[in-house]
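Listed below, chain by chain, are the residues.
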Amino acid sequence: MYPGCKSHTKFNALLRLQNLKVKHHMSDAAYFDWVELIGDFLPKGNEIPDTYSDAKKSLLSKLGMYYEKIHACPNDCILYREKHAEAVVCPTCGASRWKVTEDYSSNISSLVSMDDLKLSNYKSHDCHTIMQQLLGIAIQGVLEKPVRIAVIRLCIFFNEICHKTIDVSRLPKIQNDIAKTLCELEKYFPPSFFTIIVHLTLHLVREVELCGPVCYRWMYPFERYMKVCKGYVRNRARSEGCMAENYIAEEEVEFLAKLLLEDKTAGIPSARDTVDRPAYGAHVVSVYGNLFDQAHLCVLQNTNEFRSYFDEHLEFLKQEFPRFRNDQNWLTDKQNKTFADWVADQMSESAADILEIVRWLSDKPSNEVLNYSGYTISRTLYTTKGKDDVRSTQNSGVYLVADTPQVASVRDKRMIIDEMSFYGVITEIWELDYEKFRIPIFKCDWVDNGRGVVCVEKIFYIQDPADPQWLIVVRLPKRDYSDFEAEDVVTNNGIIHQPITVLMSSIELSGSLSDEEELGYMRAGEEDIVVEGE
């Protein structure tokens, strides 16, 4: 179990810990804390796993109990294997095989009942996920345009009020839009649809104006803490007493831990693991040539300490090649080809006051590269496309804004350097070895761009129900309240979920409802009914 230990083995220790977990109904989080504590007590070099999943894998591998995960249709029609391995829709019932990212929401397919066509057993977070992102996409292939636009307007309304920063000057416009949206819904839905809950949407904007952003008042923390309180119950006949007794005991332990151990146990929890590390095993590959040089250049371009060197090198090129000093495309291409060798020469000639990270990264990494199928970076799991194909979640989608040559306009065919959005999937995850530093980097396949090794932002893709040949991009909400950035609309139907924004998207959608023909989906009724008051 650790160097020099002869009385216990790793398998024996894990087996006894697993037995205690089951015997005392220990949660995965509690088990992880115990395993982490035991690992700290043991000498260095011990083989105690870091996570509960690693512990289970170690036990199963020792017992020879291997298994393969195969996706299944939520209605138990087929297994997604053999000829159906690449299918995204069940060929029997048409149910979607949508994937979302890790820790994004519940498994939506398990919440759907095809017998009575209802959703059940979902939490408030799932409601937000469906209303703000999935519903507007799902109805594109099944509803007529006027009905679809009316429902999408309602989805956009919830996106607007759920932002973590809200422009107060826009609130009157949002209030006016939701009133119009409800009027549009009255054309297509029966009166039984308009319960008090639907009417409540008219008052949500006023509530935001008086109480501030919704994210500080919604039900997530209460639902999570109710799960904690239910875990306190040992005697169902005296459930309230069990909750009160365990709550008091927990408060006492927290007080003593803070007083004696200087351990923070209350308030906003700190990240359990902020260190970037591999999520799965790796194999070694040898990388040479242009792809290797491109990976090294990408590391330098995304290291802030090298920004001044890039500016210095650009001035050097303008002086060395005065003929091209105004040709931005030529300078950019030349810099990408020569910067790595130039900065290495600068380091060999410079004094000893160079930053350590600059000195180490200026040398090229080893050509023997570790190739992983998954990597955790800033508490976000990234996996390769190949790994996604055998998992029930999607973690390979990426998004990037980069400066790239492009045509100025339709009339002006001059090439300029400007920002452009790229969307793609991760095909390989490399870990470059700079001796003292190990840096993960992604090799991606891009839409209309088959090359690139970059630093990216995570997204995921949903197949367009109206046209299966197209995919709809969905960006993920930020987890931290301290990150503020401008909003970027990436879907073609206005359904976005970028809660931390400075700018808010317009609720106006393209298309006029008045231009639509009168069809059977519009509810019949008298128009221009005037009610005169006294």
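Scroll up to find the structure.
In this report, the structure presented in the accompanying data block is examined.

Calculation notes
- Residues numbered from 1 in each chain as written.
- Predicted model: local features only at pLDDT ≥ 70, side-chain atom pairs only at ≥ 80, totals over all residues.
- Heavy atoms only, no water.
- Phe/Tyr/Trp six-rings, centres within 6.5 Å; stacked < 30°, edge-to-face > 60°.
- Buried < 20%, exposed > 50% of the residue type's maximum accessible area, 1.4 Å probe, protein only.
- Helix = DSSP H or I, 4+ residues; strand = E, 2+ residues; numbered from the N terminus.
- Pairing = 2+ DSSP bridges.
- Contact = heavy atoms within 4.5 Å.
- Polar contact = N/O pair within 3.5 Å; in protein donor to acceptor, adjacent residues only side chain to side chain.

**Some words on the packing of aromatic side chains**
Inspection of the entire model under this criterion finds 13 aromatic pairs. An angle of 80° between the planes, with centres 5.6 Å apart, marks the rings of Tyr372 and Tyr375 as edge-to-face. Taken as a pair, Tyr372 and Tyr375 share a single burial class, namely buried. With centroids separated by 5.0 Å and ring planes inclined at 50°, the aromatic side chains of Tyr382 and Phe442 adopt a geometry described as tilted. One end of the pair, Tyr382, is in strand E7 (residues 380-383); the other, Phe442, is in strand E10 (residues 438-446), and 60 residues separate them in sequence. Take Tyr382: its relative accessible area is 8%, and that puts it in the buried class. Residue Phe442 is classed as buried on the basis of its relative accessible area, which comes to 4%.

**Some remarks on the pairing of strand E6 (residues 374-377)**
Alignment of strand E3 (residues 277-278) against E6, held across 2 bridges, turns out to be antiparallel. The partner of Pro278 across the bridge, within E6, is Tyr375. Examined bridge by bridge, E6 and E7 share 4 bridges and lie antiparallel to one another. Bridge assignment links Ile377 to a residue of E7, and that residue is Thr380. Between E6 and E7, which pair antiparallel one after the other, the connecting turn spans 2 residues, and Ser378 there sits at a positive phi close to 55°.

**Quick look at the environment of Gly39**
Relative to the elements of secondary structure, Gly39 occurs in helix H2 (residues 28-41). For the pair formed by Gly39 and Tyr2, sequence separation is 37 residues and the distance between their alpha carbons is 9.9 Å. Gly39 has contacts with Asn46 and Ile48, leaving out every residue within four places of it along the chain.

**Details of unusual backbone geometry**
A positive phi is found at Glu435, a non-glycine position, where the angle reads about 70°. Positionally, Glu435 belongs in the loop between strand E9 (415-433) and E10.

**Here's the deal with the side chain of Gln335**
Of note, Gln335 is situated in helix H12 (residues 328-349). When residues no more than four places from it in sequence are discounted, the contact partners of Gln335 are Phe310, His313, Leu314 and Leu317.

**A word on the sheet that holds E3**
Read across the sheet, 3 strands follow the order E3-E6-E7 without closing on themselves; strand pairing throughout is antiparallel. This sheet does not close on itself; its edge strands, each paired only once, are E3 and E7.

**Focus on the environment of Thr201**
Counting through the fold element by element, Thr201 comes out in helix H7 (residues 196-211). Exposure remark for Thr201: the relative accessible area of 7% places this residue in the buried category. Between the C-alpha atom of Thr201 and that of Ile178, which follows or precedes it by 23 residues, the distance is 7.5 Å. In this structure, Thr201 is in contact with Phe157, Phe158, Ile178 and Leu182, ignoring residues within four places of it in sequence. A polar contact of 2.6 Å, which involves the side chain of Thr201, links it to the backbone oxygen of Val198.

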